[in-house]
Amino acid sequence: MLSSKVSQALNKQIELEASSSQYYLAMASWAETQGLNGVSAFLYLHSDEERMHMLKLVKFVNERGGHGVVPSLKQPPVTFKSVKSVFEEILKHEIKVTNEINGLVDITLKEKDYTTHNFLQWYVSEQIEEEALARQIVDKLKLIGDDKSGLYFFDRDMTSLATAEAATNKEKK
Ligand code: FEO
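Residues numbered from 1 in each chain as written. Predicted model: local features only at pLDDT ≥ 70, side-chain atom pairs only at ≥ 80, totals over all residues. Heavy atoms only, no water.

## Details of the packing of aromatic side chains
Centre distance and the angle of the planes are the two values used to describe a pair of aromatic rings. Applying the stated criterion across every chain, the model contains eight aromatic pairs. Considering the side-chain rings of Y23 and Y24, the 6.0 Å spacing of their centres and the 25 degrees angle between planes classify their relative orientation as stacked. For the pair shown, Y23 and Y24 are each scored as buried. Here the aromatic residues F60, F119, W122 and Y123 are joined through ring pairs into a cluster of three or more. Between K56 and the ring centre of W122, over which it is positioned, the NZ or CZ distance is 4.3 Å. (Phe/Tyr/Trp six-rings, centres within 6.5 Å; stacked < 30°, edge-to-face > 60°. Buried < 20%, exposed > 50% of the residue type's maximum accessible area, 1.4 Å probe, protein only. Lys NZ or Arg CZ within 6 Å of the ring centre and 35° of its normal.)

This is the structure in structure tokens:
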């Protein structure tokens, strides 16, 4: 059974994962309108992944006798300055998510909730991957700078990355 403190903290995380999904969905839609099909494919997938993170939490909370609450969400931005700014935002956002997960892990230790602590380890490893990937993409975009043909090839690479990510996600489920 979850303590009310852990239950509340997990529900806060549900909200953050849901808003991450919504945020990346807005980025995906914007990228699609810019003709960046590879970038948008990657972002649509990333948005789905965040929804899966949320769902995993909802189910865990319910299994442990709590109630996973579906939150209302703020509207995310509609347009973005550039592809680089999109991935910079993602990196910033993922660092925030990592901090929240760490805070959550800390709460479970204080509450001596070792089951939830164990469950959260999946999120701890996931965050290492998510941050590393976002960082890698931002570095690539820094190299490309304002080079239009560079961006064209980057978009093509993102299509392959999206395909590879889709395959990894299937394994993770
Ligand atoms: Fe679910 Fe990207 O953190």
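Picking up where we left off.
## Some details on the environment of D106
By secondary structure assignment, the location of D106 is in helix 3 (residues 83–110). You can call D106 partly exposed: its relative accessible area is 37%. Each C-alpha atom of the pair D106 and H117 lies 8.5 Å from the other, and the pair is 11 residues apart in sequence. A polar contact is formed between the side chain of D106 and the side chain of K110, at a distance of 2.9 Å. (Helix = DSSP H or I, 4+ residues; strand = E, 2+ residues; numbered from the N terminus. Polar contact = N/O pair within 3.5 Å; in protein donor to acceptor, adjacent residues only side chain to side chain.)

## Notes on the nonpolar core
Counting residues in each nonpolar core, the largest one holds 26 residues, and the members touching the most others are V39, L43, F87 and F154. Among the secondary structure elements, those contributing two or more residues to this core are helix 1 (4–33), helix 2 (37–63), helix 3, helix 4 (114–144) and helix 5 (148–172). The leading source of residues in this core is helix 1, at seven residues. Beyond its immediate stretch of four places on either side in the chain, L43 contacts Y24, M27, A28, A31, V86, F87 and I90. Formed by 19 residues, the second largest nonpolar core is a distinct cluster that contains L10, L16, V58 and L104. (Core = buried A, V, L, I, M, F, W, Y, C linked by side-chain atoms within 4.5 Å. Contact = heavy atoms within 4.5 Å.)

## Topic: unusual backbone geometry
The bulk of non-glycine residues show a negative phi, and the bulk of peptide bonds are trans. In this model, K112 sits at a positive phi of 55 degrees, which is unusual for a non-glycine residue. Following the sequence through the fold, K112 ends up in the loop between helix 3 and helix 4.

## Concerning helix 3
The first and last C-alpha atoms of helix 3 sit 41 Å apart over 28 residues, in line with the 40 Å expected at 1.5 Å per residue. K112, located one to two residues past helix 3, shows a positive phi value of around 55 degrees. (Expected span 1.5 Å × (residues − 1).)

## As for helix 2
Taking 1.5 Å of rise per residue, 27 residues should cover 39 Å, and helix 2 covers 39 Å from first to last C-alpha, within 8% of that figure. Of the residues one or two after helix 2, G65 is the one with positive phi, at around 85 degrees.

## Re the pattern of salt bridges
Counted under the stated rule, the structure contains five salt bridges. A salt bridge links D106 to K110, with the nearest nitrogen and oxygen atoms 2.9 Å apart. Of this pair, D106 and K110 are both found in helix 3, four residues apart, which corresponds to roughly one turn of the helix. Salt-bridge contacts for E131 lead to R135; the nearest nitrogen and oxygen are separated by 3.2 Å. Note that E131 and R135 are positioned in helix 4 at a spacing of four residues, about one turn of the helix. (Salt bridge = Lys/Arg side-chain N within 4 Å of Asp/Glu carboxyl O.)

## Topic: the packing of helix 1 against helix 2
Put simply, helix 1 and helix 2 touch, their axes get as near as 8 Å, and they point 165 degrees apart. The pairing of helix 1 with helix 2 is recorded here as roughly antiparallel in orientation. Where helix 1 crosses over helix 2, the two elements pack in a sense that is left-handed. Here the contact of helix 1 with helix 2 is composed, by residue class, of 16 nonpolar, eight polar and four charged. (Axes fitted to C-alpha atoms, helices over the stretch in contact; angles between N-to-C directions. Parallel < 35°, antiparallel > 145°, perpendicular 65-115°, else oblique. Left-handed = near helix turned anticlockwise from the far one by under 90°. Nonpolar A, V, L, I, M, F, W, Y, C, P; charged D, E, K, R; others polar.)

These results come straight from atomic positions and should not be treated as a statement about function.
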